[in-house]
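Structural characterization, general
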Number of protein chains: 2
Amino acid sequence: MPGLIDTHIHASQYVYTGTAMELHLLDWLKNYTYPIEANFEDLKFAEDVYQKAVKRVLKNGTTTACYFATIHVDATLKLCDIVENAGQRAYIGKVNMDAYSPHYYVETTQESKEETEKFVTKILKKNNPLIKPVITPRFAPNCTLELSKYLGHLAKQYDLPIQSHISETTDEVEWVKELFPGSKHYADVYDQCNLLTDKTVMAHGVYLSDEELKLFKSTGTGISHCPNSNLSLRSGMMDARRVLDMGVKLGLGTDVSGGYHPSMLDAIRTAVQVSNVISLDMHTDYKSLSHREAFKLATLGGSEVLGLSDKTGNFEVGKEFDALLVDTTVVEGPVDIFKRDSTDDIIQKFLFLGDDRNIQEVYVAGKQVL
Amino acid sequence: MPGLIDTHIHASQYVYTGTAMELHLLDWLKNYTYPIEANFEDLKFAEDVYQKAVKRVLKNGTTTACYFATIHVDATLKLCDIVENAGQRAYIGKVNMDAYSPHYYVETTQESKEETEKFVTKILKKNNPLIKPVITPRFAPNCTLELSKYLGHLAKQYDLPIQSHISETTDEVEWVKELFPGSKHYADVYDQCNLLTDKTVMAHGVYLSDEELKLFKSTGTGISHCPNSNLSLRSGMMDARRVLDMGVKLGLGTDVSGGYHPSMLDAIRTAVQVSNVISLDMHTDYKSLSHREAFKLATLGGSEVLGLSDKTGNFEVGKEFDALLVDTTVVEGPVDIFKRDSTDDIIQKFLFLGDDRNIQEVYVAGKQVL
């Protein structure tokens, strides 16, 4: 099958994935995320976490990942080296934060600009066709408009992808409204800084209005739907059907560690479950996501969101070979197959019950990496 | 840690777990469940499925299971043999169905009575302290009142536990209202037949009224909360907090294969997620289930629901040793532990990210069975 595409994962947060889920987003950032990310100034710590994170997601069949790192250039370059050595396809972002950040984990606007351009040019110089720097303003509250505008400019100058967060929780949406009274809505804050492009992926988008989704469509901006994270942090439920019906590009993300699971198989399962829950309150002809649709989001959908559908996402002629060899009959594996199972049953059993034990080989751009 | 207790699992449905989840309950029964369960007349087929099902759940750390089999006595006796050989603690039920069942999968009232007593006496004669027959009317619509009353009588005569389903979907609740106009509510149908006892476990209970929950409390009836099933079949969301606050006994169930996952770790995770979703619409001091509470439901809660809290559910002095040896550092396992992880972090990582690879040894009643 085609390799899985994780459109939103914080490699730096892998260290505490599966823990610390009792707070809502804004308190969670303050109490867990910022203090832990601050540790990535320590390169040895960073290397240990990034090694384990990249190994883990590759083992789970993620051939392409769109990573958030931290604000630290050196540690983020370390992540690039690790990804390069592992042979994974990736977008890697040095995070920008010059506002409403704790004193121990913040940049000045000037530092943030300089460090980002330094990071971008270093990665581009490597000329690795699999790895691209991605412009990464953390989310609107964490960046001054001056910085955000500069980042929009930088993305254009170097023709780079952009990633950020939007409308993950109601508290956050309210806060953005207070912070940016001159903006029509949350999406407008980014749009004013030229951060909504056909190479932009915005994580979450749980509470986007129709107007904002139309802006996403007209600018070509994609959404990374992170259902596990939205449930785990009690952020809300994103209606994937609505986004698809409005013609907005949509992929799936694990959002480690807002989401507790580093496997895109979990993202597929949880996307189906969340869509099922949403369907409970809908009219009877509302169709919740099928496993086929969720699978498509985790592969082709992700490639579209990342602007990589000419290279990966399925096995169309002309694309590069990002692939998994899946065996549902592996000894001591998690799946039992019976004589009566059809091919579609076997596929479903892998999607709902399978894990890394069933992923026997992993290929990126034609090269076997696991 | 204490062994996990699955308070609701259809061993016979394991054959198609992970598949066939696009229909709602009543159509799902008609199109998938009844036709597949009918195959258990074939003992060879039954043996293959039951072998795999019991091996799978034991591997996942389920030391006690409350099984639904099918209407067939011989196949259900085969399940007993397999469970006995595996060394698992279990309640095993031959299903009763003499109404609103397809022509190819139904009993006459007389057959159902005779076969059930035959099954019960055969199992009791084995005198295996780990295995008990459980009286198993499928659900109210599938049994005539005559049969249900007989089953209530039989349970009393032999001092047996009882299991069934209640209030899983709104369609089902409406149907029960039509079928039993003489009953105050769904729970009353069972109560009239003396099927609500302090040895009864009712699966689901998504739509129970306060009055019904009070009846559960006064009769000592417990609920098996099956969150994966409720999401997968789009049945609804059971508010575990409400049930606990009303003092009703509560355990967790996989409900294979309405639920797609045979592991109680999945039941723990999904119970937390469902509780999180419910909290979205609640006042701010509503507390969604913590991982600690979900863990308790999967162990001690399950033992209370099954009337086995004198034997299992935790490590209190005087109980039997039903236990798992868990190792989160196992090579090629699914969990990464970091230096900064506290003991509680490690426990959370196992609960949210762990799987059968972390379960190194399994003990039931002091004997190592895996």
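What you see is a predicted model; the values in this text were computed from it and never measured. (Residues numbered from 1 in each chain as written. Chains lettered and ligands numbered in written order. Predicted model: local features only at pLDDT ≥ 70, side-chain atom pairs only at ≥ 80, totals over all residues. Heavy atoms only, no water.)

A separate point is the relation of the copies chain B and chain A. The two copies are related by a screw operation: chain B maps onto chain A through 180 degrees of rotation and 0.0 Å of translation along the axis, at an RMSD of 0.0 Å. Both copies are brought into coincidence by an operation consistent with a two-fold rotation axis. Every residue of chain B has its C-alpha some distance from the rotation axis, and the shortest such distance is that of B:Val277, at 4.4 Å. An overlap of 100% is found between the interface residues of chain B and their copies at the interface of chain A, pointing to a shared contact surface. (Least-squares fit on C-alpha atoms with pLDDT ≥ 70 in both. Contact = heavy atoms within 4.5 Å.)

Whenever strands of a sheet pair, they do so through backbone hydrogen bonds, lying parallel or antiparallel. Residue and element names in this part refer to chain B. Taken together, the 3 strands give an open sheet; going across it, the order is E11-E12-E13, and neighbouring strands pair in antiparallel fashion. In this open sheet, the two strands that pair with only one neighbour each are strand E11 (323-326) and strand E13 (367-368). Here E11 runs beside strand E12 (residues 359-364); their pairing, made up of 4 bridges, is antiparallel. Opposite Val326, over in E12, you have Ile359 as the bridge partner. (Pairing = 2+ DSSP bridges. Helix = DSSP H or I, 4+ residues; strand = E, 2+ residues; numbered from the N terminus.)

A few words on the sheet that holds strand E9 (residues 222-225) of chain B. Residues and elements named next belong to chain B. Strands sit in the order E7-E8-E9-E10 across an open sheet of 4 strands; the sheet is parallel. Strands with a single pairing partner mark the edges of an open sheet, and in this sheet they are strand E7 (162-166) and strand E10 (250-252). Looking at each pair of strands side by side, their axes are set apart by 30 degrees on average, direction ignored. Examined bridge by bridge, E9 and E10 share 3 bridges and lie parallel to one another. (Axes fitted to C-alpha atoms, helices over the stretch in contact; angles between N-to-C directions.)

Okay, the packing of aromatic side chains next. Here the structure, examined in full by the defined rule, presents 22 aromatic pairs over all chains. With a centroid separation of 6.1 Å and 85 degrees between ring planes, the pair formed by A:Tyr14 and B:Phe338 is classed as edge-to-face. One end of the pair, A:Tyr14, is in the loop between strand E1 (4-10) and helix H1 (25-38); the other, B:Phe338, is in the loop between E11 and helix H13 (343-353), on a second chain. Exposure remark for B:Phe338: the relative accessible area of 4% places this residue in the buried category. Consider the rings of B:Phe40 and B:Tyr50, whose centres lie 5.1 Å apart with planes at 40 degrees: the pair is tilted. Of this pair, B:Phe40 sits in the loop between helix H1 (25-38) and helix H2 (43-59) while B:Tyr50 sits in helix H2, and the two are 10 residues apart along the sequence. (Phe/Tyr/Trp six-rings, centres within 6.5 Å; stacked < 30°, edge-to-face > 60°. Buried < 20%, exposed > 50% of the residue type's maximum accessible area, 1.4 Å probe, protein only.)

Soluble, globular proteins show a tendency: their nonpolar side chains are buried together. Among the nonpolar cores identified, the biggest contains 105 residues, and B:Tyr50, B:Tyr67, B:Leu79, B:Ile92, B:Tyr190, B:Phe216 and B:Ile223 are the most heavily contacted of them. Formed jointly, this core draws a minimum of three residues from each of two domains, domain 1 (4-305) and domain 2 (324-368) of chain B. Residues contacting B:Ile92, with those up to four places away along its chain left out, are B:Tyr67, B:Thr76, B:Leu79, B:Cys80, B:Val83, B:Phe119, B:Ile131, B:Lys132, B:Pro133 and B:Val134. Ranked by size, the runner-up nonpolar core spans 104 residues in total, among them A:Val73, A:Tyr105, A:Val176 and A:Phe180. (Core = buried A, V, L, I, M, F, W, Y, C linked by side-chain atoms within 4.5 Å. Domains from an automatic or database assignment.)

With that out of the way, let us pick up the UniProt feature "domain: Amidohydrolase-related" (unreviewed entry) in chain A. UniProt marks residues 1-369 of chain A with the feature "domain: Amidohydrolase-related" (unreviewed entry), using the numbering shown here. Along residues 1-369 of chain A the backbone is 43% helical and 15% strand, and the end-to-end C-alpha distance reaches 15 Å. (UniProt positions renumbered as here; feature names shortened; annotations may be inferred.)

So, about the domain arrangement of chain A. Residue and element names in this part refer to chain A. The domain boundaries assigned to chain A delineate domain 1 (4-305) and domain 2 (324-368). Computed over C-alpha atoms only, the centres of domain 1 and domain 2 are separated by 28 Å. Facing the 17 residues of domain 1 at the interface are 15 residues of domain 2. For the domain 1 and domain 2 pair, buried surface summed over both sides reaches about 1,400 Å², with 66% attributable to carbon and sulfur atoms. In this structure, Asp356 and Lys59 form a salt bridge, with 3.1 Å as the shortest nitrogen-oxygen distance. (Buried area = accessible area lost by both parts, 1.4 Å probe. Salt bridge = Lys/Arg side-chain N within 4 Å of Asp/Glu carboxyl O.)

Listed per partner, the contact involves 49 residues of chain B and 49 residues of chain A. Both faces considered, chain B and chain A share a buried interface measuring about 4,000 Å² in area, 55% of it formed by carbon and sulfur atoms. Viewed at the interface, chain A and chain B are joined by 8 salt bridges. Among the salt bridges present, the one from B:Asp355 reaches A:Arg357, with a minimum N-O distance of 3.5 Å. Our count for the contact surface shared by chain B and chain A stands at 21 residue pairs in polar contact (both at pLDDT 80 or more). (Polar contact = N/O pair within 3.5 Å; in protein donor to acceptor, adjacent residues only side chain to side chain.)

Our focus in this paragraph is the side chain of B:Asp341. Inspection of the secondary structure puts B:Asp341 in the loop between E11 and H13. A polar side-chain atom of B:Asp341 sits 2.7 Å from the main-chain amide nitrogen of B:Phe338. For B:Asp341, the contacting residues outside a window of four places in its chain are A:Val15, B:Asp336, B:Ile346 and B:Lys349.

Now for the pairing of E7(B). Put simply, side chains in a regular strand alternate between the two faces of the sheet. Most of E7(B) sits inside the fold, with 5 of its 5 residues counted as buried. Covered by surrounding structure in E7(B) are B:Ile162, B:Ser164 and B:Ile166 together with B:Gln163 and B:His165, the residues of both alternating faces.

So, on to helix H3 (residues 73-86) of chain A. Residue and element names in this part refer to chain A. Taking 1.5 Å as the rise per residue, H3 with 14 residues should run 20 Å; its terminal C-alpha atoms sit 20 Å apart, in good agreement. Turning to H3, its buried residues are Val73, Ala75, Thr76, Leu77, Leu79, Cys80, Ile82 and Val83. Buried-residue contacts for H3 involve helix H2 (43-59), strand E2 (62-68), strand E3 (89-93), helix H4 (109-126) and strand E5 (131-133). Backbone geometry just after H3 places Gly87 at a positive phi near 85 degrees. (Expected span 1.5 Å × (residues − 1).)

Our next topic: empty space enclosed by the protein. Evaluated as defined, the whole model comprises 4 cavities of 30 Å³ or more. Computed from the structure, the largest cavity encloses a volume of approximately 550 Å³. If you trace the largest cavity, you find 38 residues lining it, with A:His261, A:Asp266, A:Arg269, B:His261 and B:Arg269 closest to the centre. Counting only elements with at least two residues in the lining of the largest cavity, the list comes to helix H9 (227-232) and helix H11 (264-279) of chain A together with helix H11 (264-280) of chain B. Of the residues belonging to the lining of the largest cavity, the class tally is 13 nonpolar, 13 polar and 12 charged. (1 Å grid on protein atoms, 1.4 Å probe; cavity = no way out; pocket = protein on both sides within 12 Å on 5 of 7 lines; lining within 4 Å. Points joined across faces, edges and corners; volume = space filled by probe spheres on them. Nonpolar A, V, L, I, M, F, W, Y, C, P; charged D, E, K, R; others polar.)

This part is about the pattern of salt bridges. Taken as a whole and assessed by the stated rule, the structure comprises 46 salt bridges over all chains. Ionic contacts of the salt-bridge type, sharing partners, join the residues A:Lys59, A:Glu332, A:Asp355, A:Asp356, A:Arg357, B:Lys59, B:Glu332, B:Asp355, B:Asp356 and B:Arg357 into one network.

Take the environment of A:Val362 next. Residue and element names in this part refer to chain A. The residue Val362 is located in strand E12 (residues 359-364) in this model. Its relative accessible area of 1% is what places Val362 among the buried residues. Along the sequence, Val362 and Leu325 sit 37 residues apart, while their C-alpha atoms lie 6.5 Å from each other. For Val362, the residues in contact, after removing those within four places along its chain, are Leu58, Thr63, Ala323, Leu324, Lys367, Gln368, Val369 and Leu370.

All right, on to unusual backbone geometry then. All names here are of chain A. Cis rather than trans, the peptide bond between Val256 and Ser257 has omega equal to 5 degrees. Positive phi, close to 55 degrees, is recorded for Asn194, a residue that is not glycine. Checked against the element boundaries, Asn194 lands in the loop between helix H7 (186-192) and strand E8 (200-204). A positive phi angle, close to 45 degrees, is found at Asp255, a residue other than glycine. Relative to the helices and strands, Asp255 is located in the loop between strand E10 (250-252) and H11. Taking relative accessible area as the criterion, Asp255 reaches 3% and is therefore assigned buried.

Turning our eyes to something else, we now look at the packing of helix H4 (residues 109-126) of chain B against helix H5 (residues 145-158) of chain B. Residues and elements named next belong to chain B. The contact between H4 and H5 brings their axes to 10 Å, and the two run at 20 degrees. For the element pair H4 / H5, the angle class is roughly parallel. Handedness of the H4/H5 crossing: right-handed. Contact residues: H4 offers Thr109, Ser112, Lys113, Thr116, Glu117, Val120, Thr121 and Leu124, while H5 offers Glu146, Leu147, Tyr150, Leu151, Leu154, Gln157 and Tyr158. Its residues assigned to classes, the contact of H4 with H5 comprises 7 nonpolar, 5 polar and 3 charged. (Parallel < 35°, antiparallel > 145°, perpendicular 65-115°, else oblique. Left-handed = near helix turned anticlockwise from the far one by under 90°.)

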